[in-house]
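Descriptive analysis of the structure
Next come the chains, spelled out residue by residue.
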Amino acid sequence: MQKIILLLALITFNIASSQTKKKQILLVGTFHYANPGLDVAKLNSFNIMSEKSQKELEIMSDKIKKFGPDKIFVEWEFNKQADLDKLYNKNTDSLFKTNKNEITQLALRTAKKLNHKKLYGMNLYTSFPYDSLLMSMEKANQQDLLKRNNEWKKRNEKDHNERITKSSLQELMLHYNKKETENKNIQWYLDVANRAGNPDDFTGASLVSNWYKRNLYMYSLIQKLTESTDNKIMVLVGAGHAAIIREFITHDPEFEIIDLATVLK
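Residues numbered from 1 in each chain as written. Predicted model: local features only at pLDDT ≥ 70, side-chain atom pairs only at ≥ 80, totals over all residues. Heavy atoms only, no water.

**Here's the deal with the nonpolar core**
Of all hydrophobic cores here, the largest spans 36 residues; its most connected members are Leu106, Leu119, Leu169 and Met173. If one sorts the elements of this core by residue count, helix H5 (residues 102-113) sits on top with five residues. With near-sequence residues (within four places) excluded, Leu169 lies in contact with Phe31, Tyr33, Phe46, Ile48, Ser53, Glu56, Leu57 and Met60. Counting residues in hydrophobic clusters, the runner-up holds 35 residues, among them Tyr130, Ile233, Val235 and Phe248. (Core = buried A, V, L, I, M, F, W, Y, C linked by side-chain atoms within 4.5 Å. Buried < 20%, exposed > 50% of the residue type's maximum accessible area, 1.4 Å probe, protein only. Helix = DSSP H or I, 4+ residues; strand = E, 2+ residues; numbered from the N terminus. Contact = heavy atoms within 4.5 Å.)

And the structure:
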């Protein structure tokens, strides 16, 4: 009788554990390897095609493979999944030599090693009226705020441009995934953008809300496309997105974050 009671207790415990076990998200924030020049700050390019960087990508992707994500999400337009599927099915040797984008160089490289059938696009663009933001500051005669904005840009550019001259790819990736770096990425939106304009002008708040909205849309897709059979996933996004998505995950009882530093150690 005691054995039966013990067996039932173990079964109950195992069921409860399986119901409460969180899914692991390897959240990877990154700078843009190909540097399309679309960000507000003008950053120099990193030589992702160098022999050293390519070796690092092999090592990094091997370590992520060992972590074993069941799905990999990337910052690719959700409505253009078919184009991402076409990219994924191209000859990888050619892609790795010609396509500098982090989606190809890190996410696709890793997914192929894991024998995944596809990558998952989860980006949804929203408006980012930066020029209108500056005009609102000018109209409100917010000269101190304009100065602060300019100083923020210069600091960001200087830090990145100096860092890429002396850092390896892995060092850069670990830097952009530090919590203090992520916090700096969020700071501009509240310290500068949200203050922009006269009291009746919400151009700044609109820009900030659209930015959060975009990240919420992306996170919604991560939630919806992660199935019950997926125990681990990887999310590769720009460092600015990662900072906000980290906050979403922190308050989501179904997920837990696995830091990149833990996987790459």
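**What to know about the environment of Glu182**
As for its position among the elements, Glu182 is in helix H9 (residues 179-191). Residue classification places Glu182 among the buried residues on the basis of a relative accessible area of 2%. In this structure the C-alpha to C-alpha distance between Glu182 and Ile244, which are 62 residues apart in sequence, comes to 8.2 Å. At a separation of 2.6 Å, a polar atom in the side chain of Glu182 contacts the side chain of Arg246. (Polar contact = N/O pair within 3.5 Å; in protein donor to acceptor, adjacent residues only side chain to side chain.)

**Considering the packing of H9 against helix H10 (residues 203-225)**
Where H9 meets H10, the closest approach of the two axes is 9 Å, and the angle between their N-to-C directions is 145°. Across the interface between the two elements, Ile186, Trp188 and Tyr189 from H9 touch Leu207, Val208, Trp211 and Tyr212 from H10. Its residues assigned to classes, the contact of H9 with H10 shows seven nonpolar, no polar and no charged. (Axes fitted to C-alpha atoms, helices over the stretch in contact; angles between N-to-C directions. Nonpolar A, V, L, I, M, F, W, Y, C, P; charged D, E, K, R; others polar.)

**What to know about the confidence of the model for the protein chain**
Of the residues in the protein chain, 89% have a pLDDT of 70 or more, and the chain-wide mean is 90. Mean pLDDT values for the elements of the protein chain range from 53 in helix H1 (residues 2-20) up to 98 in strand E2 (residues 71-77). (pLDDT = per-residue confidence, 0-100.)

**Some points on the environment of Lys52**
Structurally, Lys52 is set in helix H2 (residues 51-67). Exposure remark for Lys52: the relative accessible area of 54% places this residue in the exposed category. It is 8.2 Å that separates the C-alpha atoms of Lys52 and Ser168, two residues lying 116 residues apart in sequence.

**Quick look at H9**
Note on helix geometry: an α-helix contains 3.6 residues per turn, so any two residues three or four positions apart are oriented the same way. Between the first and last C-alpha of H9 there are 18 Å, a value that for 13 residues agrees with the 18 Å anticipated at 1.5 Å per step. Every buried residue of H9 is accounted for by Thr181, Glu182, Asn185, Ile186, Trp188 and Tyr189. Those residues of H9 that are buried lie in contact with helix H6 (130-139), helix H7 (143-166), helix H8 (169-176), H10 and helix H11 (239-250). (Expected span 1.5 Å × (residues − 1).)

**A word on the sheet that holds strand E1 (residues 23-30)**
The strands that make up a sheet pair up through hydrogen bonds in the backbone, lying either parallel or antiparallel. The sheet built from five strands is open, its strands ordered E3-E2-E4-E1-E5 with parallel pairing. Of all strands in the sheet, those with a lone pairing partner are strand E3 (120-123) and strand E5 (255-258), marking the two edges. Going across the sheet, the axis of each strand differs from the next one's by a mean of 35°, ignoring polarity. Pairing of E1 with strand E4 (residues 232-238), which is carried by seven bridges, proceeds in the parallel orientation. Across the sheet, Gln24 pairs through a bridge with Lys232, a residue of E4. (Pairing = 2+ DSSP bridges.)

**A word on the pattern of salt bridges**
Going through the model one piece at a time under the given rule, you end up with 13 salt bridges. Between Glu58 and Arg109 there is a salt bridge, and its shortest N-O distance comes to 2.5 Å. Of this pair, Glu58 sits in helix H2 while Arg109 is found in helix H5, placing the two residues 51 residues apart along the sequence. Residue classification places Glu58 among the partly exposed residues on the basis of a relative accessible area of 31%. Across the pair Glu58 and Lys113 runs a salt bridge whose closest N-O atoms are separated by 2.8 Å. A residue pair is termed long-range when its members are at least 10 positions apart, and Glu58 in helix H2 and Lys113 in helix H5 qualify at 55 residues. A single salt-bridge network, built from bridges that share partners, covers Glu58, Asp62, Arg109 and Lys113. (Salt bridge = Lys/Arg side-chain N within 4 Å of Asp/Glu carboxyl O.)

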